[in-house]
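Commentary on secondary and tertiary structure
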There are 2 protein chains.
Amino acid sequence: MDRIPILKLGGALIVTIQVDMHDRLAVALEEDLSERIVRTGARGVLIEISALEIVDSFIGRMLDNIAAVSRVLDAEVVVVGMRPAVAITLVELGLTLAGIKTALNVERGMAMIQARLAEEDADGVESAHGHREE
Amino acid sequence: MDRIPILKLGGALIVTIQVDMHDRLAVALEEDLSERIVRTGARGVLIEISALEIVDSFIGRMLDNIAAVSRVLDAEVVVVGMRPAVAITLVELGLTLAGIKTALNVERGMAMIQARLAEEDADGVESAHGHREE
């Protein structure tokens, strides 16, 4: 399998990382995600990494890239499900994922995205994005 | 990675199949799912299979098993994201997944589960399951 499935649910895209990432797969994921954000008008991306036992600098850079591209496309990336050992390793490596939001699990991550949507609705910002709805 | 992550969201569990299933992994998934259904009181299980290019009799049997066990635990299984080619192969093989509900994508599958929950709420059945909430 050379593509990671992207699920759309309630204004957000959900990706579960469960295979070892390599260069080509990471590039494909970045492309697929950008394309889906534009096509669906999603405002948030949840990346679930509970299956990852190690987050090295390669994965860290991939997450950073995805977050940066998503931000330009006006979608927010939330990394969820990180194992305690992974968090410890990240800090030890000096990779603090500075530009990326994290949440304990998918439910809390989704709540963050919904809260952002509700806030923007209240501000009337949403209408400016109406043309991007699916 | 020897475990497939199970995400909990809005009363449902979501599983994305994206690696080749083998015996041990299938058994682990069945066990993990049953355990999570009981622990979280989830009433629905969404199994996303858009990454699968082939659904053979082994996968068919696994889905059947998961559906049967979930039913006993009072949760409904909905298989979502099936590729057209997979659907054609299934019918040609005589595997019609008779006991399993299907939906086009995660959003529609989730809507089916939410509709079932709402129906039960209206019937007042929900209170009988209150003790299973997380």
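Residues numbered from 1 in each chain as written. Chains lettered and ligands numbered in written order. Predicted model: local features only at pLDDT ≥ 70, side-chain atom pairs only at ≥ 80, totals over all residues. Heavy atoms only, no water.

Let us now look at the overall build of chain A. Helix and strand counts for chain A come out as four helices and five strands. Each helix (α) and strand (β) of chain A, taken in turn from the N terminus, gives the series β-β-α-β-α-β-α-β-α. In terms of overall dimensions, chain A is globule-like: its C-alpha atoms have a radius of gyration of 15 Å, near the 14 Å expected for 134 residues. Considered along the principal axes of its C-alpha atoms, chain A spans approximately 40 × 30 × 20 Å. (Helix = DSSP H or I, 4+ residues; strand = E, 2+ residues; numbered from the N terminus. Rg over C-alpha atoms; globule rule 2.2 N^0.38 Å.)

A few words on the relation of the copies chain B and chain A. Expressed as a screw operation, the relation of chain B to chain A combines 0.0 Å of axial shift with a rotation of 180 degrees, fitting to an RMSD of 0.0 Å. A rotation of that kind, with that shift, is consistent with a two-fold axis. Counting the interface residues of chain B, we find that 100% of their copies in chain A are interface residues as well, pointing to one common contact surface. (Least-squares fit on C-alpha atoms with pLDDT ≥ 70 in both. Contact = heavy atoms within 4.5 Å.)

Helices that pack against each other are described as a pair by the angle of their axes relative to one another and the distance between those axes. Residue and element names in this part refer to chain B. Across the interface, helix α1 (residues 23–40) lies against helix α2 (residues 57–72) with an axial gap of 10 Å and an inter-helix angle of 20 degrees. As far as their axial angle goes, α2 and α1 are roughly parallel. By crossing handedness, the relation of α1 to α2 is classed as right-handed. When α1 is examined against α2, the residues Asp23, Ala26, Leu29, Glu30, Leu33, Ser34 and Ile37 are found in contact with a partner set consisting of Phe58, Met62, Asn65, Ile66, Val69 and Ser70. Broken down by class, the residue content of the contact of α1 with α2 amounts to eight nonpolar, three polar and two charged. (Axes fitted to C-alpha atoms, helices over the stretch in contact; angles between N-to-C directions. Parallel < 35°, antiparallel > 145°, perpendicular 65-115°, else oblique. Left-handed = near helix turned anticlockwise from the far one by under 90°. Nonpolar A, V, L, I, M, F, W, Y, C, P; charged D, E, K, R; others polar.)

Residue and element names in this part refer to chain B. The five strands lie next to each other as β1-β2-β3-β4-β5, forming an open sheet whose pairing is mixed. With one partner strand each, in any of the chains shown, β1 (7–9) and β5 (101–103) form the two edges of the open sheet. Neighbouring strand axes in the sheet, compared pairwise and without regard to direction, differ in orientation by 30 degrees on average. As paired elements, strand β2 (residues 12–16) and strand β3 (residues 44–48) share five bridges and run parallel to each other. Following the sheet pairing, valine 15 is matched in β3 by isoleucine 47. Its contacts with the sheet place α2 against β3 and β4 (76–80), and it is angled at close to 150 degrees to β4. (Pairing = 2+ DSSP bridges.)

Turning our attention to the sheet that holds strand β3 (residues 44–48) of chain A. Residues and elements named next belong to chain A. Read from one edge to the other, the open sheet built from five strands follows the order β1-β2-β3-β4-β5, with strand pairing classed as mixed. Across the chains shown, the open sheet's two edge strands, defined by having one partner strand only, are β1 (6–9) and β5 (101–103). Taking each pair of neighbouring strands and ignoring which way they run, the sheet shows an average axis angle of 25 degrees. The pairing of strand β4 (residues 76–80) with β5 spans three bridges and is parallel. Note that in β5 the partner of valine 80 across the bridge is alanine 103. Sitting on the sheet, helix α4 (residues 106–123) touches β1, β2 (12–16), β3, β4 and β5, and the angle it makes with β3 is about 170 degrees.

Grouped together as the largest cluster of nonpolar side chains are 30 residues, with contacts concentrated most on A:Ile17, A:Met21, A:Leu29 and A:Ile47. Secondary-structure elements contributing two or more residues to this core are β2, α1 (23–40), β3, α2 (57–72), β4 and α3 (84–93) of chain A. Those residues in contact with A:Leu29 that lie beyond four places of it in its chain are A:Ile4, A:Val15, A:Ile17, A:Met21, A:Met62 and A:Ile66. B:Ala26, B:Ile47, B:Leu52 and B:Ile66 belong to the second-largest nonpolar core, a separate cluster that totals 29 residues. (Core = buried A, V, L, I, M, F, W, Y, C linked by side-chain atoms within 4.5 Å. Buried < 20%, exposed > 50% of the residue type's maximum accessible area, 1.4 Å probe, protein only.)

What follows covers the environment of A:Asp23. Following the sequence through the fold, A:Asp23 ends up in helix α1. The exposed category is assigned to A:Asp23, whose relative accessible area is 58%.

The next subject is the interface of chain B and chain A. In this assembly, 19 residues from chain B lie in contact with 19 residues from chain A. Note on chain B versus chain A: buried area summed over both sides is about 1,900 Å², and carbon and sulfur give 65% of it. Seen at the junction of chain B and chain A, the total is two salt bridges. We note a salt bridge from A:Glu107 to B:Lys8, for which the minimum N-O separation is 3.6 Å. Summed over the shared surface of chain B and chain A, the result is four residue pairs in polar contact (both at pLDDT 80 or more). Among the secondary structure elements, those contributing two or more residues to the side of chain B that touches chain A are β1, β2 and α4 (106–123) of chain B. Per-class residue counts for the side of chain B that touches chain A are 11 nonpolar, four polar and four charged. (Buried area = accessible area lost by both parts, 1.4 Å probe. Salt bridge = Lys/Arg side-chain N within 4 Å of Asp/Glu carboxyl O. Polar contact = N/O pair within 3.5 Å; in protein donor to acceptor, adjacent residues only side chain to side chain.)

This brings us to the pairing of β1(A). Residue and element names in this part refer to chain A. In β1, alternate side chains face the same way, and those of Ile6 and Lys8 on one face and Leu7 and Leu9 on the other are all buried. Relative to β2, β1 is paired through four bridges, and the arrangement is antiparallel. Within β2, the position partnered with lysine 8 by the bridge is leucine 13.

Distances and angles like these do not, on their own, reveal function.
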